[in-house]
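Here are the chains, one letter per residue:
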Amino acid sequence: MPSIPSGPAAPPPALMRRVTFAAAIGNTIETYDYAVYGFLTVLLSRLFFPGSQPGVALLSAFAVFGVAFVVRPLGSLLFGSIADRVGRRPSLVATLVLMAGATTVIGLLPTAETVGVWAPVLLVVMRLLQGLAAGGEYGTAMTFAAEFTPQNRRGAMTSRVQIGSIASLLLAAGAVLLLSAVLTPEAMASWGWRVPFLLALPLGLIGFYIRARLEESPEFRTLEQAGEVSQSPAKESFTRYGKLIVLVFGVAAFQQIGYYVAFTYAQSYIIQLGFTQGQATLATVVSIAVAVVLVAVGGPLSDRWGRWPMLLVLSAVMLVTAYPLFAALSSAKSLPLVVLVTVAMGIVPALYTSVAPATYIEVAPAKVRATVFAVGFALAAALLGGPALYISQFLVEATGDNRAPAYFLMFGALLSLIAALFVRRRRPQGLVVDRGEPAGEPPLDREPEGV
């Protein structure tokens, strides 16, 4: 398979380390916030929805998890437009402050036992603020990092940033596992659940310090110097590049569903099979640890083999293996077997999520890149990722079949398989500074709005 063409030499290693860490820290906090909620869903359902039947309470807690995704498209328009019109760095600082602040407040919320119905109301408000910030965080951070990087190393760079997202799952799962091991169930329900949320505060302070000191990306500076910064990136994205938003959505479908089913829902699913929260979290931690290694490997491989072939193959593999994996997990009787199957279930989603970010960046022109990326990805998050836990559980409740979540996973893989065929038709777009082209202009061999 052909290699992706190269650009100029990379910036100094010291600068690249700062850029990578600055981009990754926000993704780490974003995913950590969501993962902590996901790993504590069973416990939170009892604290914030105590009067409901167990199954209804769990569905309610999953619905609150998903509500943060509802406002992500709004956040993507807001912060994506800031990134394309004002600069990548201001957008990154704003999303980080909002995200870390909302998560810290969740750790301080009173439960239903104290304030009754106001407890779930306040929880929903904080989740909405998290979702607003997350809508612009991922796309802007990936765009920022990629715009410092030559094209033939962009997969490696974005996968390093993606490691922050996967590692944060490990951090969240590890925190929940440690607290579950050292605290009694009573202490965990009383105050222990708050600790993981409160950890977002020091993480946020570190991230703010790093991001506030960074320079703007060379791509955005080039656009400014050429007078090509879009004055209405949201409008331009929808009127001229709407098909690219659809393409990003299609590529993101499997990333969203696979990510949350394999690395978040799996923990609640294993608990429902009769294993303890500690055992279920342990299985998830091992799966995430393996995923960190796979993400580090997948990005560089996409620089060598190309994005679309890997997206196509990985989607096809998941389409074929999703049902057998859920069948094996639902019938597993021992913890070692549960761990083994959970790890196997996360292999393909981990590799896919290491390749997809560079793809989003390369299909969009520079002057609306952050907006197109953020909006397409946020729509996939709102419609597929956010409801993933709820839909997976609903399928189990509605059908009585523990293997039913596999169908949702297969649906996401099918959408992304189709999208990968359209990615094949597009020449990967280099940076303006790579090509020596007029800022913001698409390559001459394709229509600017086509897919």
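See above for the structure.
Below, the structure is looked at part by part. All figures in this text were calculated on a predicted structure; none of them were measured in a lab.

Moving on to the side chain of Ser91. Tracing the backbone through its elements, the reader meets Ser91 in helix α5 (residues 88–106). Leave out the neighbours within four places in its chain, and Ser91 touches Phe79, Ile82, Ala83 and Thr140.

With respect to the helices and strands, Leu340 occurs in helix α17 (residues 335–362). For Leu340, a relative accessible area of 57% puts it in the exposed group. Separated by 116 residues in the primary sequence, Leu340 and Glu224 have C-alpha atoms spaced 51 Å apart.

Counting residues in hydrophobic clusters, the biggest one holds 129 residues, and the most contacted among them are Leu40, Phe48, Ile166, Val251, Phe263 and Tyr360. Ranked by the residues each element gives to this core, the list is headed by helix α14 (residues 242–272), at 18 residues. Excluding anything up to four places from it in sequence, Phe48 contacts Leu109, Pro110, Thr111, Ala112, Ala119, Pro120, Leu123 and Trp193. Listed in part, the 7 residues of the second largest apolar core include Ile25, Ile29, Ala100 and Ala133.

Scanning the model with the defined rule gives 16 aromatic pairs in all. Ring geometry for Tyr138 against Phe373: centres 5.9 Å apart, planes inclined by 85°, an arrangement best described as edge-to-face. Note that Tyr138 is positioned in helix α7 (residues 118–146) and Phe373 in helix α18 (residues 369–385), a separation of 235 residues in sequence. The class for Tyr138 is buried, based on a relative accessible area of 4%. Owing to a relative accessible area of 0%, Phe373 belongs among the buried residues under this scheme. Measuring from ring centre to ring centre gives 4.4 Å for Tyr138 and Phe377, while their planes differ by 15°; the resulting arrangement is stacked. Separated by 239 residues along the polypeptide, Tyr138 in helix α7 and Phe377 in helix α18 bring together distant segments of the chain.

Below, the discussion takes up the side chain of Asp33. By secondary structure assignment, the location of Asp33 is in helix α1 (residues 13–39). Buried within the structure, Asp33 lacks any salt-bridge partner; Arg127 is the closest side chain of opposite charge, at an N-O distance of 7.1 Å. Those residues in contact with Asp33, other than ones at most four positions away along the chain, are Met99, Thr103, Arg127, Gln130, Phe197 and Ala200.

On to empty space enclosed by the protein, then. Scanning the entire structure with this criterion turns up 1 cavity of 30 Å³ or more. Counted as a void, the largest cavity has a volume near 130 Å³. Together, Glu30, Thr31, Arg72, Tyr138, Gln162, Ser165, Gln255, Gln256, Tyr259, Tyr260, Thr353 and Phe377 line the largest cavity. Where the lining of the largest cavity is concerned, the elements lending two or more residues are α1, α8 (154–182) and α14. Counting residues per element, the lining of the largest cavity draws most heavily on α14, which supplies 4 residues.

We now examine a nonpolar patch on the surface. Taken together, the side chains of Val115, Val117, Trp118, Val121, Leu122, Val125 and Leu129 define a hydrophobic patch exposed on the protein surface, amounting to about 570 Å² of accessible area. Residue contributions to the nonpolar patch peak at 5 residues, all from α7. Looking at the secondary structure, you find Val117 in the loop between α6 (112–115) and α7.

Now for the pattern of salt bridges. Summed over all chains, the structure comprises 13 salt bridges. Across the salt bridge formed by Arg72 and Glu30, the nearest N and O atoms sit 3.1 Å from each other. Highlighted residues: Arg72 in helix α4 (residues 72–85) and Glu30 in helix α1, separated in sequence by 42 residues. Using a relative accessible area of 5% as the deciding quantity, one classes Glu30 as buried. Of the charged contacts in the structure, one is a salt bridge between Glu236 and Lys367, with a shortest N-O distance of 3.1 Å. Residue Glu236 is located in helix α13 (residues 233–240), and its partner Lys367 is located in the loop between α17 and α18; the two are separated by 131 residues in the primary sequence.

Conventions and cut-offs
- Residues numbered from 1 in each chain as written.
- Predicted model: local features only at pLDDT ≥ 70, side-chain atom pairs only at ≥ 80, totals over all residues.
- Heavy atoms only, no water.
- Helix = DSSP H or I, 4+ residues; strand = E, 2+ residues; numbered from the N terminus.
- Contact = heavy atoms within 4.5 Å.
- Buried < 20%, exposed > 50% of the residue type's maximum accessible area, 1.4 Å probe, protein only.
- Core = buried A, V, L, I, M, F, W, Y, C linked by side-chain atoms within 4.5 Å.
- Phe/Tyr/Trp six-rings, centres within 6.5 Å; stacked < 30°, edge-to-face > 60°.
- Lys, Arg positive; Asp, Glu negative; His and termini not counted.
- Salt bridge = Lys/Arg side-chain N within 4 Å of Asp/Glu carboxyl O.
- 1 Å grid on protein atoms, 1.4 Å probe; cavity = no way out; pocket = protein on both sides within 12 Å on 5 of 7 lines; lining within 4 Å.
- Points joined across faces, edges and corners; volume = space filled by probe spheres on them.
- Patch = residues over 30% accessible without salt bridge, like charges linked within 9 Å, V, L, I, M, F, W, Y side chains within 5 Å.
- Areas by Shrake-Rupley, 256 points an atom, 1.4 Å probe, with all protein chains shown as cover.

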